[in-house]
Amino acid sequence: MSAAMPMLAKELKGKVLVASPYAPLRQQMLKRLDVPHATVSEAQGGADALLKLEKTDFGTLLLDPRIEDLDVGELMATLRGRYPDLDVILMESDPARDEGAIDRPAEASMVSGVLKAKIPVAQSFPGGRQYSFPISPDPAESMEARTRPVAGMIGRSPRMQQIYRLARLVAPRDTAVLIVGETGTGKELVARGIHDLSRRNKGPFVVVNCAAIPESLLEAELFGFTRGAFTGAFQSRLGRIHAAHGGTLLLDEVGELPLSMQAKLLRFVQEGEVQRLGSADVFRVDARLIASTNADLLQRVREKQFREDLYYRLSVFPLDLPPLRERTGDTLSLAQHFLHGFCRESGVALKMFGPDAADLLQRYHWPGNVRELQHAVERAFVLAEENPQIRAENLAMLAGAPNLTKF
């Protein structure tokens, strides 16, 4: 253990989170921090650290200033507003050494700085670099702006406010985003919201459903092809990746990509280069990448069904969408939004949900999430005929269902 480690250990309080984009450095810190009284966890970057801080009460954050997914100053300002009692220790180390063998000690020099609610933090580091973190605006006022619903999204539950805040935080950058959630939770809506909030909002938003395209056609769809590249290729065509140039590419259900296609996709993710079938020419494509999945990609990595290197390239900024059953209080507002939409489309007066129907909507478990709710409301709208109020009997398909349980 380096001489800095025992001294650093004395400064740690509570549970410890180590955040760095360099896995060897994180692993060395986990191995070498001799802190029996604290639980030590790791995060791949700033966004991952924010997610873990939301779920666990950490006392100390060991932060590598070289995080690539978020601006360090903005991250520190966010931490100051959300976690004024959190101790933050900024780490400085040699990237070349960090990328080396794991069994070689990481010679990291540590500089301690404790975040205070009203005190600006400015710290000098080895190498002559200066990091200054100005005081953020009033946290209460700025938090309201940061947690406004993203365009197309409905709901003000705490879980969704967290999603809105993280989406607004990552939208201005080109950071790769991985949206994880059950079927029907609105993953594409979140991806489109991030695109609309980004500097690329004037460019195309291209969606590729990886589960819907046969494997034999997937490469041609993604990368394009030249005339005569295969039987039936009567004219050249650009792929979906190329069509997203200047905008955003959403790989929906990316967990369904076959391994052979994952290897070819990795080149685009790493280098931004695309090569069409039947051509030796390489095109540079400038597209922001967002992926979504309802699968546990880490489990698929362990099962050798998904490439580990591709997983880490896609999951720089993970967003975990909650199922509707965990969005306490959002069900009725979503149902009313859908109902008013059906009324406007049909040119009829706005209908409302009666007390019995509202109670039923809020007690149902919604295994199909928001999509199931939308379809249930549409059925109820049709069944209500001219009645201005939706009743429980119009939701008869829900009544008596096995998923009708109290939360």
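Residues numbered from 1 in each chain as written. Predicted model: local features only at pLDDT ≥ 70, side-chain atom pairs only at ≥ 80, totals over all residues. Heavy atoms only, no water.

1. A closer look at the overall build of the chain
Keep this limit in mind: Under the scheme used here, helices are H or I runs from DSSP no shorter than 4 residues and strands are E runs no shorter than 2 residues, and both carry numbers assigned from the N terminus. To sort residues, take the accessible area from a 1.4 Å probe on protein chains only and compare it with the maximum for the residue type: under 20% means buried, over 50% means exposed, and anything in between is partly exposed. Note on contacts: a residue pair qualifies if any of its non-hydrogen atoms lie within 4.5 Å across the two residues. Note that accessible areas follow from Shrake-Rupley with a 1.4 Å probe, and for residues the cover is restricted to the protein chains shown.
A tally of helices and strands in the chain yields 16 helices and 18 strands. The buried share among the 407 residues of the chain stands at 49%. Sequence separation of at least 24 residues holds for 70% of the intrachain contacts in the chain that already meet a minimum separation of 6. Summed over all atoms, the accessible surface of the chain reaches about 19,500 Å², with 51% contributed by carbon and sulfur.

2. Here's the deal with helix H11 (residues 259-271)
Stated formally: To estimate the expected span of a helix, subtract one from its residue number and multiply by 1.5 Å.
If you check H11, its first and last C-alpha atoms are 19 Å apart, about what 13 residues at 1.5 Å a residue would give, namely 18 Å. Looking at the packing, one finds that the buried side of H11 touches helix H9 (215-223), helix H10 (240-243), strand E12 (248-252), strand E13 (273-275) and helix H13 (308-314).

3. Considerations on the sheet that holds E12
So the rule is basically this: Two strands are said to pair when DSSP picks up at least two bridges between them. Axes, fitted as lines to C-alpha atoms, cover a helix only where it is in contact. Angles between the N-to-C directions of the axes lie from 0 to 180 degrees.
Taking strand neighbours across the sheet as the criterion, the five strands line up as E9-E12-E15-E8-E16 in an open arrangement whose pairing is parallel. Among the strands making up the open sheet, the edge pair consists of strand E9 (205-209) and strand E16 (317-320). Averaged over all pairs of adjacent strands, the angle between their axes in this sheet comes to 20 degrees, without regard to strand direction. By the bridge criterion, four bridges tie strand E8 (residues 177-180) to E16 in an arrangement that is parallel. Opposite Val 180, over in E16, you have Asp 320 as the bridge partner.

4. Some thoughts on the environment of His 242
Summarising the element assignment, His 242 is placed in helix H10. A relative accessible area of 18% means that His 242 is categorised as buried. A sequence separation of 19 residues divides His 242 from Phe 223, and the C-alpha atoms of the two residues are 7.2 Å apart. Among all residues touching His 242, those that are not within four sequence positions of it are Phe 283 and Val 285.

5. Notes on the pairing of strand E1 (residues 15-19)
Consecutive side chains along a regular strand alternate between the two faces of the sheet. Summarising burial for E1: four of the five residues are buried, a large majority. Bridge count between E1 and strand E3 (residues 58-63): five bridges; the pairing is parallel. The partner of Val 18 across the bridge, within E3, is Leu 62. Note: E1 against strand E2 (residues 40-43), four bridges, orientation parallel. Across the sheet, residue Val 18 finds its bridge partner in E2, namely Glu 42.

6. Topic: the pattern of salt bridges
Under the convention used in this document: In the sections that follow, a salt bridge refers to a side-chain nitrogen of Lys or Arg positioned within 4 Å of a carboxyl oxygen of Asp or Glu.
Taken as a whole and assessed by the stated rule, the structure comprises 16 salt bridges. The salt bridge involving Lys 52 is made with Asp 48; its shortest N-O contact spans 2.8 Å. Placement of both Lys 52 and Asp 48 in helix H3 (residues 46-55) is noted, with a separation of four residues, approximately one turn of the helix. Residue classification places Lys 52 among the partly exposed residues on the basis of a relative accessible area of 27%. As a salt-bridge pair, Arg 267 and Glu 273 come within 2.9 Å of each other at their nearest N and O atoms.

7. A short note on unusual backbone geometry
Trans peptide bonds make up the majority, and among non-glycine residues the majority have a negative phi. Positive phi, normally seen in glycine, also occurs at Glu 253, with a value near 50 degrees. Mapping Glu 253 onto the fold places it in the loop between E12 and H11.

8. Comments concerning the nonpolar core
What tends to happen in soluble globular proteins is that the nonpolar side chains get buried as a cluster. Applicable threshold: What we call a nonpolar core is a set of buried Ala, Val, Leu, Ile, Met, Phe, Trp, Tyr and Cys residues that are connected through their side-chain atoms within 4.5 Å.
Formed by 42 residues in total, the largest nonpolar core has its most connected members in Leu 63, Leu 79, Ile 194 and Leu 319. Of the residues forming this core, the biggest block, seven residues, is contributed by helix H7 (residues 158-170). Each residue touching Ile 194, except ones within four places of it in the same chain, is listed here: Ala 167, Val 170, Ala 171, Val 177, Arg 288, Ile 290 and Leu 319. One finds Leu 218, Met 261, Val 285 and Leu 310 within the second-largest nonpolar core, a separate group that totals 29 residues.

9. Section: the packing of helix H14 (residues 331-346) against helix H16 (residues 369-383)
As a reminder, the rule being used: When an angle is under 35 degrees it counts as roughly parallel; over 145 it counts as roughly antiparallel; between 65 and 115 it counts as roughly perpendicular; any other value is oblique. The crossing is said to be left-handed when, going from far helix to near helix, the turn is anticlockwise and less than a right angle, and right-handed when the turn is clockwise. Under this grouping Gly is polar, as are all residues other than the nonpolar Ala, Val, Leu, Ile, Met, Phe, Trp, Tyr, Cys and Pro and the charged Asp, Glu, Lys and Arg.
Running from N to C, H14 and H16 point in directions that differ by 50 degrees, and their axes come no closer than 9 Å. Classified by the angle between their axes, H14 and H16 sit oblique to one another. Seen along the crossing, H14 lies across H16 with a hand that is right-handed. Along the contact surface, H14 presents Thr 331, Leu 334, Ala 335, Phe 338, Leu 339, Phe 342, Cys 343 and Ser 346, while H16 presents Val 370, Leu 373, Gln 374, Val 377, Glu 378 and Phe 381. Its residues assigned to classes, the contact of H14 with H16 comprises 10 nonpolar, three polar and one charged.

10. Thoughts on the packing of aromatic side chains
As a reminder of what qualifies: Any Phe, Tyr or Trp ring, taking Trp's six-membered ring, that has another such ring centre within 6.5 Å forms a pair; planes under 30 degrees apart are called stacked, those over 60 apart edge-to-face, and the others tilted.
One pass over the full model with this rule turns up three aromatic pairs. On the numbers, 5.0 Å between centres and 70 degrees between planes, the contact of Tyr 311 with Tyr 312 is edge-to-face. For Tyr 311, a relative accessible area of 11% corresponds to the buried category.

11. Some remarks on the environment of Leu 25
Tracing the backbone through its elements, the reader meets Leu 25 in helix H2 (residues 23-32). With relative accessibility at 0%, the residue Leu 25 sits in the buried group. The sequence separation of Leu 25 and Asp 64 amounts to 39 residues, and the corresponding C-alpha distance is 9.4 Å.

12. Things to note about H3
Counting buried residues along H3, seven of its 10 residues qualify, which places the element largely inside the surrounding structure. Turning to H3, its buried residues number three or more, namely Gly 46, Ala 47, Asp 48, Ala 49, Leu 50, Leu 51 and Leu 53.

13. Re the packing of H9 against H11
The interhelical angle for the contact between H9 and H11, taken along N-to-C directions, is 10 degrees, at an axis separation of 10 Å. With respect to H11, the axis of H9 lies roughly parallel. Across from Glu 215, Leu 218, Glu 219, Leu 222 and Phe 223 in H9, the residues of H11 making contact are Ser 260, Met 261, Lys 264 and Leu 265. Of the residues belonging to the contact of H9 with H11, the class tally is five nonpolar, one polar and three charged.

This is a description of form; function is not addressed.
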